[in-house]
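# Chains, contacts and geometry: an overview
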Amino acid sequence: MSWIKLFALLSLSSSFGAIGAAQTTTFEGYPAVALSSDKLELRLMMEGSTLASIVLKADPEKLNPLWNPMRMARELGQPAHYDGGAGLFVCVDGFGPVSPEEKAAGLPMHGEAHRQIFEAESKREGAIASVTMRAKLPIVEEVFTRTFRVHDGESVVLVESELDNELGFDRPVNWAEHATIGSPFLESGATVVDLSGSQSRTRPYDELLNGRTSRRLTSGQDFTWPLAPGLHGEAVDLRQTPDNAGYLDHATTLMDSNRDLEWATALNAKKGLLLGYIFKRAEYPWLQYWGNYPATGKFARGMEFGTQPFDVSRREAVSTGAMFGVPTYRWLPAHSKITSRFLVFYTLVPQGLQKVDDVHIENHQIIVEDRSAHKTIRLPATADLQP
């Protein structure tokens, strides 16, 4: 579909009014929807329902912490092309490569949703603005619906999703939120990632790679987050952004079995900015770390929470069955729907905050703690993660 036709479709299928709930726009030259509150500005891609940008209105730099491969390519003098992969994009139904037969049938890596053109509808009710995006996934015969909701006075986004099975049999599905941060927010010596889990494993691999990028973690070895086993017997602190470039890392962490709500955060203490996610362990028990640190310095880091440990083919995920005693896929019953709800928060932080020890929700507040620095952040959060 041409972008001209897409804009025509968008004008017919969306109910964007002058009330400020949302409006059509572009991001890096591609059709998008702008959703705003008095605290946040979001850009949602019409292709993939991808959250491509989140900006704090109070941030003088207006820094988007999310991975923007189009901007990075342009800055390197390379062609900038959007293929559904950027920022926070959904991988459903599929997370990883496809089989030869699936490829022949037209199924792309990471599932169909991130490559579909979505219809969008916006709404504002008092202090709450939302955009609902919907697309049919024709090969797997599912319908995916995603709603982004913001509330004035809050630097929090509620993301609600629904996957509808149009077929008359139960099926295993693969679903991950490819939440990815990028440079310049992702900065050596400044940006650290924390999360609510410890039992981890490096991704198995057959080759060390070559050229400008190499592995630095051992293959398929268990460890306790964040200290992963390096190739030369050293402990690699995965919280940190490496000072030198040229690495490709992969590891996974099982989220804390003692919690119902899990969390992952990325803190740039130098810029005083914190991005975080809160999600249900029952929906996303795994978080894959993908660290892409090329020699160009255009870094990307995935904090990818999902139904399986690694981005692998459907066959491999289902055949694995379980890791650390936890399933590596999710069931979607016949002619039924499954859902997910998670929060994204983005905020300025006080000087001195260096790490995140805990994130929890209490009395309609997101509470972020750095215990060693005796720092606590409290963010208003009206949204409830319960259905």
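Residues numbered from 1 in each chain as written. Predicted model: local features only at pLDDT ≥ 70, side-chain atom pairs only at ≥ 80, totals over all residues. Heavy atoms only, no water.

Turning to the overall build of the protein chain, a few remarks are in order. A count of helices and strands for the protein chain gives 4 helices and 28 strands. The principal-axis extents of the C-alpha atoms in the protein chain amount to approximately 60 × 50 × 45 Å. Taking all 387 residues of the protein chain together, 56% fall into the buried category. By sequence separation, contacts in the protein chain at least 24 residues apart represent 61% of the contacts at least 6 residues apart. Per element, the accessible surface of the protein chain, about 15900 Å² overall, is 50% carbon and sulfur. (Helix = DSSP H or I, 4+ residues; strand = E, 2+ residues; numbered from the N terminus. Buried < 20%, exposed > 50% of the residue type's maximum accessible area, 1.4 Å probe, protein only. Contact = heavy atoms within 4.5 Å. Areas by Shrake-Rupley, 256 points an atom, 1.4 Å probe, with all protein chains shown as cover.)

Turning our eyes to something else, we now look at the packing of aromatic side chains. Under the counting rule described, the total for this entry stands at 14 aromatic pairs. Their ring planes at 70° and their centres at 5.7 Å tell us that Trp67 and Trp290 sit as a pair that is edge-to-face. Here Trp67 is found in the loop between strand E4 (51–56) and helix H2 (69–75), whereas its partner Trp290 is found in strand E20 (residues 286–293), with 223 residues between them in sequence. On the accessibility criterion, Trp67 (15% relative accessible area) is buried. Residue Trp290 is classed as buried on the basis of its relative accessible area of 15%. Note on Tyr329 and Trp331: the rings are 5.7 Å apart at their centroids and 80° apart in plane angle, and the pair reads as edge-to-face. (Phe/Tyr/Trp six-rings, centres within 6.5 Å; stacked < 30°, edge-to-face > 60°.)

Turning our eyes to something else, we now look at the side chain of Thr218. Within the fold, Thr218 resides in the loop between strand E13 (197–202) and strand E14 (222–224). Its relative accessible area of 14% is what places Thr218 among the buried residues. Within the local environment of Thr218, its side chain forms a polar contact with the side chain of Gln221, the two groups lying 3.1 Å apart. Apart from residues lying up to four places away in sequence, Thr218 is in contact with Thr202, Arg203, Tyr205, Pro229, Gly230 and Leu231. (Polar contact = N/O pair within 3.5 Å; in protein donor to acceptor, adjacent residues only side chain to side chain.)

Let's shift gears to the pattern of salt bridges. A side chain of one charge can pair with a side chain of the opposite charge when the charged atoms of the two come close. Counting across every chain of the model gives 27 salt bridges. In this structure, Glu187 engages Lys270 in a salt bridge whose closest nitrogen and oxygen atoms are separated by 2.9 Å. Here Glu187, found in the loop between strand E11 (175–182) and strand E12 (191–195), pairs with Lys270, found in the loop between strand E18 (261–268) and strand E19 (273–280); they are 83 residues apart in sequence, far enough to count as distant. Classification of Glu187 by relative accessible area gives buried; the value is 19%. A relative accessible area of 65% places Lys270 in the exposed class. (Salt bridge = Lys/Arg side-chain N within 4 Å of Asp/Glu carboxyl O.)

The next subject is the pairing of strand E2 (residues 30–36). With 6 of 7 residues buried, E2 lies mostly within the body of the structure. Between E2 and strand E3 (residues 40–45), which pair antiparallel and follow one another directly, the connecting turn spans 3 residues. (Pairing = 2+ DSSP bridges.)

Attention now moves to the pairing of E18. Among the 8 residues of E18, 7 are classified as buried, and the element is accordingly described as predominantly covered. For E12 and E18, the ladder comprises 5 bridges, and the chain directions are antiparallel. Its bridge partner lying in E18, Asp194 is registered against Thr265. As paired strands, E18 and E19 are joined by 8 bridges and run antiparallel to one another. Considered in E19, the bridge of Ala266 is made with Leu275. Where E18 folds back onto E19 in an antiparallel hairpin, the turn is made up of 4 residues, including Gly272, whose phi is positive at roughly 70°.

Moving on, we get to the confidence of the model for the protein chain. Overall, the prediction assigns the protein chain a mean pLDDT of 93, with 94% of residues at 70 or greater. Across residues 1–20, confidence stays below pLDDT 50; counting only partners more than four residues off in sequence or on other chains, it has 32 contacts. (pLDDT = per-residue confidence, 0-100.)

Turning next to the sheet that holds strand E27 (residues 365–370). Within the open sheet, the 3 strands sit side by side as E26-E27-E28. Their pairing is antiparallel. With one partner strand each, in any of the chains shown, strand E26 (358–361) and strand E28 (375–380) form the two edges of the open sheet. Neighbouring strand axes in the sheet, compared pairwise and without regard to direction, differ in orientation by 15° on average. With 6 bridges joining them, E27 and E28 adopt antiparallel strand pairing. Looking across to E28, one finds that Ile366 is bridged to Leu379. (Axes fitted to C-alpha atoms, helices over the stretch in contact; angles between N-to-C directions.)

Attention now goes to the sheet that holds strand E8 (residues 142–151). Reading across from one edge, E6-E7-E8-E9-E25-E19-E18-E12 is the order of the 8 strands in this open sheet, with antiparallel pairing throughout. Since the sheet does not close on itself, it has two edges, and those belong to strand E6 (119–125) and E12, each with one partner. Taken pair by pair, the neighbouring strands of this sheet meet at an average axis angle of 15°, ignoring direction. Bridge analysis of E8 against strand E9 (residues 156–165) gives 9 bridges, and the strand direction is antiparallel.

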